[in-house]
Amino acid sequence: MDNQLFERFKGLFYGQAIGDALGLGTEFMSKAEVLFHYPEGLKDFDQIIQDKHRSRWERGSWTDDTDQFLLICDSILEEKVVSERAFAHKLREWSLGSPMGIGMTVHKVVNVPQFEDFPHRAAELIWKMSGKKSAANGAVMRTSILGAWEFRELDKVIRNAEKIAQVTHSDPRCVGSAVIVSVLVAGMLTGKVFSVEEICAFGDQYDEHIRPVVELALTRDITDMKLDEKAFMGYTLKALGAGLWAYFHAENYLDGLQRVINEGGDADTNGAVVGSLLGVKFGFSAIPDYLSSGLKNRALLEKKLEDFLEQI
(Lines give C-alpha, C1' and ligand atoms only; values in the text may rest on other atoms or scores of the structure.)
Protein backbone atom coordinates (compact mmCIF):
# COMPACT_ATOMS: atom_id res chain seq x y z
CA MET A 1 0.00 0.00 0.00
CA ASP A 2 1.46 3.35 -1.00
CA ASN A 3 1.84 6.10 1.57
CA GLN A 4 -0.94 8.30 0.19
CA LEU A 5 -3.48 5.51 0.42
CA PHE A 6 -2.30 4.63 3.94
CA GLU A 7 -2.72 8.30 4.91
CA ARG A 8 -6.31 8.26 3.69
CA PHE A 9 -7.21 5.05 5.51
CA LYS A 10 -5.70 6.33 8.73
CA GLY A 11 -7.42 9.66 8.19
CA LEU A 12 -10.73 7.82 7.90
CA PHE A 13 -10.41 6.09 11.27
CA TYR A 14 -8.99 9.04 13.18
CA GLY A 15 -11.14 11.58 11.38
CA GLN A 16 -14.30 9.70 12.36
CA ALA A 17 -13.33 9.30 16.01
CA ILE A 18 -12.04 12.86 16.48
CA GLY A 19 -15.04 14.41 14.75
CA ASP A 20 -17.34 12.42 17.02
CA ALA A 21 -15.39 13.21 20.21
CA LEU A 22 -15.01 16.94 19.53
CA GLY A 23 -18.56 17.26 18.26
CA LEU A 24 -19.82 15.98 21.60
CA GLY A 25 -18.82 19.35 23.01
CA THR A 26 -21.63 21.13 21.14
CA GLU A 27 -24.11 18.27 20.76
CA PHE A 28 -27.75 19.32 21.17
CA MET A 29 -26.83 23.01 21.47
CA SER A 30 -28.24 25.85 19.43
CA LYS A 31 -25.71 28.04 17.68
CA ALA A 32 -26.40 30.75 20.27
CA GLU A 33 -25.59 28.30 23.08
CA VAL A 34 -22.38 27.29 21.30
CA LEU A 35 -21.32 30.92 21.15
CA PHE A 36 -22.13 31.37 24.84
CA HIS A 37 -20.09 28.37 25.99
CA TYR A 38 -17.30 28.71 23.41
CA PRO A 39 -16.99 32.39 22.45
CA GLU A 40 -13.89 31.67 20.35
CA GLY A 41 -15.28 28.42 19.00
CA LEU A 42 -14.65 24.84 20.14
CA LYS A 43 -11.20 23.73 19.02
CA ASP A 44 -9.88 21.33 21.65
CA PHE A 45 -11.13 18.50 23.82
CA ASP A 46 -10.00 20.37 26.95
CA GLN A 47 -12.59 23.07 26.28
CA ILE A 48 -15.57 20.72 26.41
CA ILE A 49 -17.90 21.83 29.18
CA GLN A 50 -18.76 19.25 31.82
CA ASP A 51 -22.51 19.58 32.10
CA LYS A 52 -24.88 16.73 32.97
CA HIS A 53 -24.84 15.36 29.43
CA ARG A 54 -21.16 15.66 28.52
CA SER A 55 -19.69 14.72 31.89
CA ARG A 56 -20.67 11.10 31.23
CA TRP A 57 -17.68 10.88 28.86
CA GLU A 58 -14.06 11.72 29.54
CA ARG A 59 -12.87 14.59 27.37
CA GLY A 60 -11.55 13.16 24.12
CA SER A 61 -13.81 10.09 24.18
CA TRP A 62 -15.89 9.13 21.18
CA THR A 63 -19.56 8.19 21.49
CA ASP A 64 -21.89 5.55 20.08
CA ASP A 65 -21.28 6.82 16.54
CA THR A 66 -17.72 5.53 16.47
CA ASP A 67 -18.57 2.54 18.64
CA GLN A 68 -20.83 1.37 15.81
CA PHE A 69 -18.22 2.22 13.15
CA LEU A 70 -15.87 -0.11 15.01
CA LEU A 71 -18.56 -2.79 15.40
CA ILE A 72 -18.84 -2.85 11.62
CA CYS A 73 -15.06 -3.14 11.49
CA ASP A 74 -15.09 -6.06 13.95
CA SER A 75 -17.80 -7.91 12.03
CA ILE A 76 -15.81 -7.55 8.80
CA LEU A 77 -12.60 -8.73 10.45
CA GLU A 78 -14.31 -11.85 11.76
CA GLU A 79 -16.32 -12.75 8.67
CA LYS A 80 -14.02 -11.36 5.95
CA VAL A 81 -17.20 -10.10 4.27
CA VAL A 82 -19.92 -7.58 5.07
CA SER A 83 -22.68 -9.53 6.81
CA GLU A 84 -25.82 -7.95 8.19
CA ARG A 85 -26.27 -10.80 10.67
CA ALA A 86 -22.68 -10.55 11.92
CA PHE A 87 -23.08 -6.83 12.45
CA ALA A 88 -26.49 -7.35 14.08
CA HIS A 89 -24.91 -9.81 16.52
CA LYS A 90 -22.17 -7.33 17.41
CA LEU A 91 -24.72 -4.55 17.78
CA ARG A 92 -26.97 -6.58 20.03
CA GLU A 93 -24.07 -7.59 22.27
CA TRP A 94 -22.91 -3.99 22.49
CA SER A 95 -26.42 -2.76 23.35
CA LEU A 96 -26.64 -5.14 26.30
CA GLY A 97 -23.72 -3.31 27.87
CA SER A 98 -25.90 -0.17 28.27
CA PRO A 99 -23.78 2.01 25.98
CA MET A 100 -24.09 5.75 26.44
CA GLY A 101 -25.71 7.72 23.67
CA ILE A 102 -27.47 4.85 21.91
CA GLY A 103 -30.14 6.25 19.61
CA MET A 104 -33.83 5.58 20.08
CA THR A 105 -34.21 3.86 16.71
CA VAL A 106 -31.28 1.51 17.29
CA HIS A 107 -32.48 0.75 20.81
CA LYS A 108 -35.94 -0.20 19.57
CA VAL A 109 -34.68 -2.32 16.70
CA VAL A 110 -32.13 -4.38 18.63
CA ASN A 111 -34.82 -5.27 21.15
CA VAL A 112 -37.19 -6.75 18.57
CA PRO A 113 -37.41 -10.54 19.11
CA GLN A 114 -35.16 -12.47 16.70
CA PHE A 115 -33.39 -9.26 15.67
CA GLU A 116 -30.08 -11.07 15.19
CA ASP A 117 -31.63 -13.59 12.80
CA PHE A 118 -33.76 -11.13 10.84
CA PRO A 119 -32.30 -7.64 11.34
CA HIS A 120 -33.76 -6.13 8.17
CA ARG A 121 -37.24 -7.30 9.09
CA ALA A 122 -36.86 -5.93 12.61
CA ALA A 123 -35.76 -2.53 11.32
CA GLU A 124 -38.59 -2.45 8.80
CA LEU A 125 -41.09 -3.25 11.56
CA ILE A 126 -39.91 -0.34 13.71
CA TRP A 127 -39.97 1.97 10.68
CA LYS A 128 -43.52 0.96 9.80
CA MET A 129 -44.58 1.49 13.42
CA SER A 130 -43.34 5.09 13.06
CA GLY A 131 -45.72 5.56 10.16
CA LYS A 132 -42.72 5.34 7.82
CA LYS A 133 -41.65 8.76 9.08
CA SER A 134 -38.60 7.92 11.17
CA ALA A 135 -35.37 8.84 9.35
CA ALA A 136 -32.80 9.25 12.10
CA ASN A 137 -29.06 9.60 11.53
CA GLY A 138 -27.93 6.39 13.25
CA ALA A 139 -26.94 4.69 9.99
CA VAL A 140 -25.09 7.50 8.25
CA MET A 141 -22.98 8.19 11.35
CA ARG A 142 -21.22 4.81 11.15
CA THR A 143 -21.15 4.10 7.43
CA SER A 144 -17.88 5.62 6.19
CA ILE A 145 -15.89 2.45 6.90
CA LEU A 146 -17.98 0.68 4.25
CA GLY A 147 -16.49 3.00 1.65
CA ALA A 148 -13.07 1.62 2.56
CA TRP A 149 -13.92 -2.08 2.32
CA GLU A 150 -13.91 -3.33 -1.28
CA PHE A 151 -13.37 0.30 -2.23
CA ARG A 152 -12.26 -0.50 -5.77
CA GLU A 153 -15.65 -2.04 -6.60
CA LEU A 154 -18.33 0.64 -6.35
CA ASP A 155 -21.25 -1.74 -6.82
CA LYS A 156 -20.10 -3.70 -3.77
CA VAL A 157 -19.63 -0.52 -1.74
CA ILE A 158 -23.22 0.44 -2.52
CA ARG A 159 -24.63 -2.98 -1.67
CA ASN A 160 -22.64 -3.16 1.56
CA ALA A 161 -23.80 0.29 2.66
CA GLU A 162 -27.42 -0.61 1.94
CA LYS A 163 -27.10 -3.91 3.77
CA ILE A 164 -25.65 -2.40 6.95
CA ALA A 165 -27.86 0.70 7.00
CA GLN A 166 -30.95 -1.50 6.82
CA VAL A 167 -29.91 -3.43 9.92
CA THR A 168 -31.42 -0.59 11.94
CA HIS A 169 -32.77 2.04 9.53
CA SER A 170 -35.19 1.09 6.75
CA ASP A 171 -36.17 4.55 5.58
CA PRO A 172 -34.82 5.18 2.05
CA ARG A 173 -33.48 8.57 3.17
CA CYS A 174 -31.29 6.77 5.72
CA VAL A 175 -30.13 4.19 3.21
CA GLY A 176 -29.41 6.82 0.56
CA SER A 177 -27.45 8.93 3.06
CA ALA A 178 -25.29 5.96 4.01
CA VAL A 179 -24.68 5.05 0.39
CA ILE A 180 -23.61 8.58 -0.60
CA VAL A 181 -21.11 8.90 2.25
CA SER A 182 -19.69 5.44 1.53
CA VAL A 183 -19.43 6.18 -2.19
CA LEU A 184 -17.60 9.46 -1.54
CA VAL A 185 -15.08 7.65 0.66
CA ALA A 186 -14.50 5.01 -2.02
CA GLY A 187 -14.13 7.72 -4.63
CA MET A 188 -11.48 9.54 -2.67
CA LEU A 189 -9.56 6.30 -2.12
CA THR A 190 -9.52 5.54 -5.85
CA GLY A 191 -9.06 9.10 -7.11
CA LYS A 192 -12.57 9.35 -8.52
CA VAL A 193 -14.18 12.80 -8.19
CA PHE A 194 -17.96 12.64 -8.35
CA SER A 195 -19.81 15.59 -9.85
CA VAL A 196 -22.71 17.17 -8.01
CA GLU A 197 -25.08 15.66 -10.54
CA GLU A 198 -23.59 12.20 -9.99
CA ILE A 199 -24.08 12.57 -6.23
CA CYS A 200 -27.65 13.72 -6.81
CA ALA A 201 -28.24 10.74 -9.09
CA PHE A 202 -27.17 8.36 -6.33
CA GLY A 203 -29.66 10.03 -4.02
CA ASP A 204 -32.45 9.97 -6.61
CA GLN A 205 -32.37 6.19 -6.52
CA TYR A 206 -33.53 6.27 -2.90
CA ASP A 207 -35.61 9.34 -2.14
CA GLU A 208 -36.61 12.62 -3.79
CA HIS A 209 -35.68 14.61 -0.68
CA ILE A 210 -31.95 13.88 -1.04
CA ARG A 211 -31.26 15.98 -4.17
CA PRO A 212 -32.31 19.30 -2.55
CA VAL A 213 -29.96 18.60 0.36
CA VAL A 214 -27.05 17.94 -1.99
CA GLU A 215 -27.79 21.17 -3.85
CA LEU A 216 -28.19 23.17 -0.63
CA ALA A 217 -24.74 21.99 0.50
CA LEU A 218 -23.24 23.94 -2.38
CA THR A 219 -23.87 27.14 -0.44
CA ARG A 220 -20.75 28.71 1.01
CA ASP A 221 -22.66 30.02 4.03
CA ILE A 222 -22.93 27.11 6.42
CA THR A 223 -25.73 28.81 8.36
CA ASP A 224 -27.96 28.03 5.38
CA MET A 225 -27.76 24.37 6.43
CA LYS A 226 -29.61 25.16 9.70
CA LEU A 227 -27.79 22.38 11.52
CA ASP A 228 -29.22 23.46 14.88
CA GLU A 229 -32.83 23.37 13.65
CA LYS A 230 -34.46 21.76 16.68
CA ALA A 231 -37.18 19.77 14.93
CA PHE A 232 -34.67 18.15 12.56
CA MET A 233 -31.61 17.85 14.80
CA GLY A 234 -31.25 14.07 14.50
CA TYR A 235 -32.42 13.83 10.88
CA THR A 236 -30.28 11.74 8.55
CA LEU A 237 -30.31 14.41 5.83
CA LYS A 238 -28.97 17.02 8.26
CA ALA A 239 -25.94 14.82 8.87
CA LEU A 240 -25.57 14.11 5.17
CA GLY A 241 -25.86 17.83 4.40
CA ALA A 242 -23.17 18.66 6.98
CA GLY A 243 -20.84 16.07 5.46
CA LEU A 244 -21.44 17.30 1.92
CA TRP A 245 -20.97 20.93 2.91
CA ALA A 246 -17.56 20.12 4.38
CA TYR A 247 -16.67 17.86 1.45
CA PHE A 248 -17.41 20.70 -0.99
CA HIS A 249 -15.99 23.66 0.94
CA ALA A 250 -13.54 22.75 3.73
CA GLU A 251 -10.03 24.15 3.22
CA ASN A 252 -8.52 21.60 5.60
CA TYR A 253 -9.60 19.02 8.19
CA LEU A 254 -9.84 21.34 11.19
CA ASP A 255 -11.49 24.16 9.27
CA GLY A 256 -14.30 21.94 8.03
CA LEU A 257 -14.84 20.15 11.32
CA GLN A 258 -14.88 23.33 13.42
CA ARG A 259 -17.23 25.17 11.14
CA VAL A 260 -19.72 22.32 11.30
CA ILE A 261 -19.64 21.51 15.01
CA ASN A 262 -19.74 25.18 15.98
CA GLU A 263 -23.18 25.35 14.34
CA GLY A 264 -24.51 23.08 17.10
CA GLY A 265 -27.27 20.55 16.49
CA ASP A 266 -26.50 16.82 16.60
CA ALA A 267 -22.88 17.78 16.45
CA ASP A 268 -21.20 14.51 17.39
CA THR A 269 -22.92 12.73 14.52
CA ASN A 270 -22.33 15.64 12.13
CA GLY A 271 -18.74 15.66 13.33
CA ALA A 272 -18.34 11.92 12.76
CA VAL A 273 -19.59 12.21 9.17
CA VAL A 274 -17.57 15.33 8.44
CA GLY A 275 -14.48 14.05 10.22
CA SER A 276 -14.41 10.77 8.34
CA LEU A 277 -14.88 12.41 4.94
CA LEU A 278 -12.26 15.09 5.56
CA GLY A 279 -9.88 12.57 7.13
CA VAL A 280 -9.94 10.64 3.87
CA LYS A 281 -9.81 13.77 1.71
CA PHE A 282 -6.83 15.40 3.41
CA GLY A 283 -5.13 12.41 5.04
CA PHE A 284 -4.10 11.67 8.61
CA SER A 285 -1.13 14.06 8.56
CA ALA A 286 -3.53 16.96 8.02
CA ILE A 287 -5.23 16.27 11.36
CA PRO A 288 -3.64 18.41 14.11
CA ASP A 289 -1.39 16.38 16.41
CA TYR A 290 -3.05 17.72 19.55
CA LEU A 291 -6.36 16.17 18.48
CA SER A 292 -5.01 12.76 17.52
CA SER A 293 -2.83 12.58 20.66
CA GLY A 294 -5.70 13.80 22.86
CA LEU A 295 -8.07 11.09 21.70
CA LYS A 296 -9.00 8.61 24.43
CA ASN A 297 -8.67 4.94 23.53
CA ARG A 298 -6.25 5.85 20.77
CA ALA A 299 -4.43 2.52 21.18
CA LEU A 300 -7.66 0.64 20.50
CA LEU A 301 -8.37 2.70 17.39
CA GLU A 302 -4.83 2.13 16.14
CA LYS A 303 -5.16 -1.64 16.61
CA LYS A 304 -8.48 -1.75 14.75
CA LEU A 305 -6.92 0.24 11.90
CA GLU A 306 -3.93 -2.11 11.68
CA ASP A 307 -6.17 -5.19 11.64
CA PHE A 308 -8.41 -3.64 8.99
CA LEU A 309 -5.47 -2.75 6.77
CA GLU A 310 -4.15 -6.31 7.04
CA GLN A 311 -7.44 -7.56 5.63
CA ILE A 312 -7.41 -4.93 2.89
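To keep things clear, this report deals only with the structure shown in the data block. (Residues numbered from 1 in each chain as written. Predicted model: local features only at pLDDT ≥ 70, side-chain atom pairs only at ≥ 80, totals over all residues. Heavy atoms only, no water.)

## Describing the overall build of the chain
Per the secondary structure count, the chain includes 15 helices and zero strands. Its C-alpha radius of gyration of 17 Å places the chain within 12% of the 20 Å reference for a compact globule of 312 residues. Across the 312 residues in the chain, those meeting the buried criterion constitute 59%. (Helix = DSSP H or I, 4+ residues; strand = E, 2+ residues; numbered from the N terminus. Rg over C-alpha atoms; globule rule 2.2 N^0.38 Å. Buried < 20%, exposed > 50% of the residue type's maximum accessible area, 1.4 Å probe, protein only.)

## Focus: the packing of helix α7 (residues 154-165) against helix α8 (residues 172-190)
Running from amino to carboxyl end, α7 crosses α8 at an angle of 145°, the nearest separation of the two axes being 9 Å. For the pair α7 and α8, the crossing hand works out as right-handed. Here α7 contributes L154, V157, I158, A161, E162 and A165 to the contact with α8, which in turn contributes V175, A178, V179, S182, V183 and A186. Looking at the contact of α7 with α8 residue by residue, the class counts come to 10 nonpolar, one polar and one charged. (Axes fitted to C-alpha atoms, helices over the stretch in contact; angles between N-to-C directions. Left-handed = near helix turned anticlockwise from the far one by under 90°. Contact = heavy atoms within 4.5 Å. Nonpolar A, V, L, I, M, F, W, Y, C, P; charged D, E, K, R; others polar.)

## Notes on the pattern of salt bridges
Taken as a whole and assessed by the stated rule, the structure comprises 16 salt bridges. Taking the shortest distance from any N to any O, the salt bridge between D51 and R54 comes out at 2.9 Å. On the basis of relative accessibility, which here comes to 5%, the residue R54 falls in the buried class. When the shortest N-O distance is used, the salt bridge between E153 and K156 registers 3.3 Å. What makes E153 partly exposed here is its relative accessible area of 40%. The partly exposed category is assigned to K156, whose relative accessible area is 27%. Among the ionic contacts, a cluster of salt bridges with common partners joins E197, D204, R211 and E215. (Salt bridge = Lys/Arg side-chain N within 4 Å of Asp/Glu carboxyl O.)

## Digging into empty space enclosed by the protein
Any empty space left between atoms is shown by rolling a water-sized probe over those atoms. In this structure the tally under the stated criterion is one cavity of 30 Å³ or more. Considering only enclosed or pocket space, the largest cavity measures out at about 60 Å³ in volume. Around the largest cavity sit T105, A123, I126, W127, S134, A135, A136, T168, H169, S170, D171 and C174, which together line it. Counting residues per element, the lining of the largest cavity draws most heavily on helix α6 (residues 119-129), which supplies three residues. The residue makeup of the lining of the largest cavity, split by class, is six nonpolar, five polar and one charged. (1 Å grid on protein atoms, 1.4 Å probe; cavity = no way out; pocket = protein on both sides within 12 Å on 5 of 7 lines; lining within 4 Å. Points joined across faces, edges and corners; volume = space filled by probe spheres on them.)

## Points about the packing of aromatic side chains
Within the structure shown, the criterion is met by nine aromatic pairs. On the numbers, 5.1 Å between centres and 85° between planes, the contact of F13 with F69 is edge-to-face. With F13 in helix α1 (residues 3-23) and F69 in helix α3 (residues 64-79), this residue pair connects regions lying 56 residues apart in the sequence. Each member of the pair, F13 as well as F69, is classed as buried. (Phe/Tyr/Trp six-rings, centres within 6.5 Å; stacked < 30°, edge-to-face > 60°.)

## Remarks on the side chain of D268
Tracing the backbone shows D268 in helix α13 (residues 267-282). Despite being buried, D268 has no salt bridge partner; R54 is the closest side chain of opposite charge, sitting 8.1 Å away. Reaching out from D268, the side chain makes a polar contact with the side chain of T63 at a distance of 3.0 Å. In contact with D268, not counting residues within four places along its chain, are G19, D20, G23, L24, E27, T63, D64 and D65. (Lys, Arg positive; Asp, Glu negative; His and termini not counted. Polar contact = N/O pair within 3.5 Å; in protein donor to acceptor, adjacent residues only side chain to side chain.)

## Some thoughts on the side chain of T168
Residue position: T168 is located in the loop between α7 and α8. Taking relative accessible area as the criterion, T168 reaches 1% and is therefore assigned buried. Leaving out residues up to four positions away in the same chain, T168 has contacts with L91, T105, V106, V109, A123 and R142.

## Some remarks on a nonpolar patch on the surface
On the surface, a nonpolar cluster with roughly 270 Å² of combined accessible area is contributed by M1, F6 and I312. Summarising the element assignment, M1 is placed in the segment before α1. Residue classification places M1 among the exposed positions, given a relative accessible area of 55%. (Patch = residues over 30% accessible without salt bridge, like charges linked within 9 Å, V, L, I, M, F, W, Y side chains within 5 Å. Areas by Shrake-Rupley, 256 points an atom, 1.4 Å probe, with all protein chains shown as cover.)

## Description of the nonpolar core
Soluble globular proteins tend to pack their nonpolar side chains together in the buried interior. If you look at the biggest cluster of nonpolar residues, it comprises 104 residues, and the most contacted ones within it are F13, I18, L91, L295 and F308. Here the element with the most residues in this core is α8; it accounts for 12 residues. The contact partners of F13, leaving out residues within four places of it in the chain, are F69, L70, C73, I145, L301, K304, L305 and F308. (Core = buried A, V, L, I, M, F, W, Y, C linked by side-chain atoms within 4.5 Å.)

## Observations regarding the packing of α8 against helix α9 (residues 196-204)
Close contact between α8 and α9 brings their axes to 9 Å; oriented N to C, the two are set at 145°. Where α8 crosses over α9, the two elements pack in a sense that is right-handed. Of the residues in α9, those in contact with I180, V183 and L184 of α8 are I199, F202 and G203. Residues that form the contact of α8 with α9 fall into these classes: five nonpolar, one polar and no charged.

## Describing the environment of S83
The residue S83 is located in the loop between α3 and α4 (84-95) in this model. Since its relative accessible area comes to 17%, S83 is described here as buried. On a C-alpha basis, the gap between S83 and G203 in space is 23 Å, while along the polypeptide they are 120 residues apart.

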